[in-house]
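Report on the structure
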Amino acid sequence: MAGIKTFFIVRTIVPYNAQSDVKDFNSDKDLEDFFEDKEVSFENGVITPVEDNGGRTGRKDSEDFKQRLRKDLMNRDGHRDLVKHTSFVTRSFKDKQREYNYTHNTESFSSISLIGCPLVIILTSIAQAFILPNDSTSIMSVGISSWFLIIITLFTIAEAFPNIFPEQLLYISKIMNYSVIMRRLLAVVFILVINFANFVDMTSCIVVGSNTSNCSTSDDPGEACLYPSYFSHMAVLVLIAAALPFQLSHIMKAALLFIIVDTHTFGNLYLIRKALDCEDLSFPADPARITPGKYTVSVMLGMICIGLMVLMRHMECASRVLFLWKTEAEEQRERASDMGRRNEALVYNILPPHVAVHFLGSRKRQHEELYSQSYAEVGVLFASMPNFSDFYSEETVNNQGLECLRFLNEVISDFDALLELPKFQDIIKIKTIGSTYMAASGLNPTRVVKPDDPTEVRWAHLALLVDFALELKKALQSINEQSFNHFVLKMGINHGPITAGVIGARKPHYDIWGNTVNVASRMESTGKAGCIQVTAETCEILQSFGYTFEQRGLVAVKGKGQLMTYYLIGKGGGGGVFTPQASPQPGGERIMETVKEEEEEEEAQAAADSDQTALLNNVSIKPISGLVDA
Ligand SMILES: Nc1ncnc2c1ncn2[C@@H]1O[C@H](COP(=O)(O)OP(=O)(O)OP(=O)(O)O)[C@@H](O)[C@H]1O
């Protein structure tokens, strides 16, 4: 890469036009789509992206947005929703599943709407006792219907009052209300029964003869039919009772209302016509009676029927809109909680568990607030693939570098998978820097260590970090075998105090800082491919866990001077055990080499280059299986 022209930004010539970022929306769909994947604010019918501005503008816009949302909900047009989701005539939902849910949505008090029917029959009985003739047919019809309706009503409404009724009754009630057909059938039977009872009552007012000359003169309503128009008044109650049940659609109720009006009109015009004429004669001065009563009461029933039909349709529309909003609210609540769960999982993925708990727990936390925690005894590991940067190239054969990234992703994912193992649960991945993997141990704020605790207790996590480093090696080896590659890890470990914290309000990042981290990084950068390099102090601690080391020599580390370092050989009797020397002793017998950091870098580069030559040869002959396009 030579000869790239670079520039400094000196000043702005054309001012930035914020309006160019403004988007106009015409349809709900556009709006929903935009909201789905963007953080936006909504101003005067136009949507603008929320500026970050340290979170302040975003929060203000979010508050404004909530307020507008609340206002929109209050002014929501139910009629528009109804037109969109239901058919005009039946008002049933166009979506079959939604219609099924609506009809099967047992409102716990829906059976209570049936109470109107026994009430009507009780009122009819009272009228029967005081105003209408008490012949045996009407007494029987009213009596039987009353008992039937009262008992069945008790059975159906028992479910809504579990504390009052006995368990057996509740059980029967549940069965009766269980199926939609059963509930509808009950409502229809109830309405027909009260209609039938009232119609049968009418027969007690049948006056034999075709003219009004033989109208009864008796003043006792128990004997003579003085007020036959009462049957139509009772029919109004029957109509109201028939309009109430939630179980029936407005179309079904309209059909029942027609039956009620028709039967009573038939009764008025044919069965009790004479009695109604006699009633007209008994009030000769009443101007309302200019039109014969048999017609006026029938027309009255027809008018009330039409009025109730309009009301029923309106009630059903309201009930369906409510159901629609309720289900939509429920769906949105579920989506929101699902999103919440996913966000939470994401936070737990990007932050260590105790830090995630801190962030998710304190909801009133200010975005600008800094989270930091100091630790006295932490292990830090840097593991890099020195020959990866040479392996990475943007060429057609590897899909402009995509296949190299795919390979790196596989490697890092396999490393991450190791952290899922229960034994490595105290090791936290900090980040990846290119192909370098950074992890730390001992970052647990609940861990209590006392200065007089033995090294085996205090530094158990450091030994675990070494085990983890060895597992990383094995994992890479197995990837190499599968992909015919020869990548090696160059690792450095150090221990000591660090400061951990989370930086940034958006896309927060957990990181660790301190001299311990710098030296760990130096141990990696000055190390040798395939080796784990540690400082003398780290070596001393790890030896007490049975690890064996080979002295590497003095390494010049920026800001630290000459550091004696060691390469890990293995665990147990795998190699010589050296007495680590914390301070540099250039003349010491066992010092194998003294290297300056820069020299070491060159040396490491040379080793990596030789590896890379082999690797590149390898790649050109044996592409990564399944990754590189043939
Ligand atoms: N939190 C961290 N994450 C990643 N790398 C880190 C972190 N802290 C320190 N390092 C790395 O440790 C190395 C040593 O850092 P140090 O501060 O000693 O020197 P430097 O002057 O920053 O490094 P350089 O000479 O490489 O520019 C640097 O390469 C730095 O990238």
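Residues numbered from 1 in each chain as written. Predicted model: local features only at pLDDT ≥ 70, side-chain atom pairs only at ≥ 80, totals over all residues. Heavy atoms only, no water.

Going by what an unreviewed UniProt entry lists, the protein chain is known as adenylate cyclase and is assigned to Nezara viridula. Looking at the Subcellular location (unreviewed entry) heading of the UniProt record, one finds this comment for the protein chain: "Membrane". The Catalytic activity (unreviewed entry) comment attached to the protein chain in UniProt states, word for word, "ATP = 3',5'-cyclic AMP + diphosphate". (UniProt positions renumbered as here; feature names shortened; annotations may be inferred.)

**Description of the overall build of the protein chain**
Of regular secondary structure, the protein chain possesses 20 helices and 12 strands. For the protein chain, with 630 residues in total, the buried portion stands at 41%. Within the protein chain, counting contacts between residues at least 6 apart in sequence, those at least 24 apart form 70% of the total. For the protein chain, the accessible surface area stands at approximately 35500 Å², while carbon and sulfur atoms represent 59% of it. (Helix = DSSP H or I, 4+ residues; strand = E, 2+ residues; numbered from the N terminus. Buried < 20%, exposed > 50% of the residue type's maximum accessible area, 1.4 Å probe, protein only. Contact = heavy atoms within 4.5 Å. Areas by Shrake-Rupley, 256 points an atom, 1.4 Å probe, with all protein chains shown as cover.)

**Considering the nonpolar core**
One finds Leu381, Phe415, Tyr437, Phe468, Leu472 and Ile493 to be the most contacted residues of the largest nonpolar core, which totals 45 residues. Considering each element in turn, this core owes the most residues, 10 residues, to helix 17 (residues 460-483). Membership of the second largest hydrophobic core comes to 30 residues, among which are Cys117, Leu149, Phe190 and Val193. (Core = buried A, V, L, I, M, F, W, Y, C linked by side-chain atoms within 4.5 Å.)

**Considering the side chain of serine 145**
Within the secondary structure, serine 145 sits in helix 6 (residues 136-157). The class for serine 145 is buried, based on a relative accessible area of 8%. If near-sequence neighbours (up to four positions away) are discounted, serine 145 is found in contact with Ile121, Val193 and Ala197.

**Overview of the site of the ligand**
In the region of the ligand, the neighbouring residues are Phe382, Lys431, Ile433, Met438, Asp511, Ile512, Val517, Asn518, Ser521, Arg522 and Lys558. A distance of 3.3 Å is found between an oxygen atom of the ligand and a side-chain nitrogen or oxygen belonging to asparagine 518. Within the side chain of serine 521, an N or O atom sits 3.1 Å from an oxygen atom of the ligand. When isolated, the ligand has an accessible area of 590 Å², and the protein chains bury 57% of it. Considering every element that reaches the shell around the ligand, the biggest residue donor is helix 18 (residues 515-525), with four residues. (Near = heavy atom within 4 Å. Polar contact = N/O pair within 3.5 Å; in protein donor to acceptor, adjacent residues only side chain to side chain.)

**Overview of the packing of aromatic side chains**
Taken as a whole, this structure holds 11 aromatic pairs when the rule is applied. A centroid spacing of 5.9 Å and a plane angle of 65 degrees characterise the contact between tyrosine 227 and tyrosine 230, whose relative ring orientation is edge-to-face. For tyrosine 227, a relative accessible area of 32% puts it in the partly exposed group. Classification of tyrosine 230 as partly exposed rests on a relative accessible area of 29%. Connected via pairs of aromatic rings, a cluster forms that spans Phe415, Phe424, Tyr437 and Phe468. The ring of phenylalanine 88 has arginine 313 sitting right over it, with the charged end atom 5.1 Å from the ring centre. Over the aromatic face of phenylalanine 93 sits the side chain of arginine 320, whose NZ or CZ is 5.1 Å from the ring centroid. (Phe/Tyr/Trp six-rings, centres within 6.5 Å; stacked < 30°, edge-to-face > 60°. Lys NZ or Arg CZ within 6 Å of the ring centre and 35° of its normal.)

**A closer look at helix 9 (residues 229-243)**
Between its first and last C-alpha, helix 9 extends 22 Å over 15 residues, near the 21 Å set by a 1.5 Å rise per residue. Taking burial as the measure, the 15 residues of helix 9 include 11 buried ones, the bulk of the element. Buried residues of helix 9: Ser229, Phe231, Ser232, Met234, Ala235, Val236, Val238, Leu239, Ala241, Ala242 and Ala243, and no others. Where helix 9 is buried, its residues contact helix 5 (116-130), helix 8 (180-202), helix 10 (250-271), helix 11 (273-282) and helix 12 (293-350). (Expected span 1.5 Å × (residues − 1).)

**A closer look at unusual backbone geometry**
Phi at arginine 91 takes a positive value of approximately 60 degrees, unusual for a residue other than glycine. Counting through the fold element by element, arginine 91 comes out in the loop between helix 3 (78-85) and helix 4 (96-103). We note that phenylalanine 484 has phi near 55 degrees; this positive angle belongs to a residue other than glycine. For phenylalanine 484, the location among the structural elements is in the loop between helix 17 and strand 7 (490-503).

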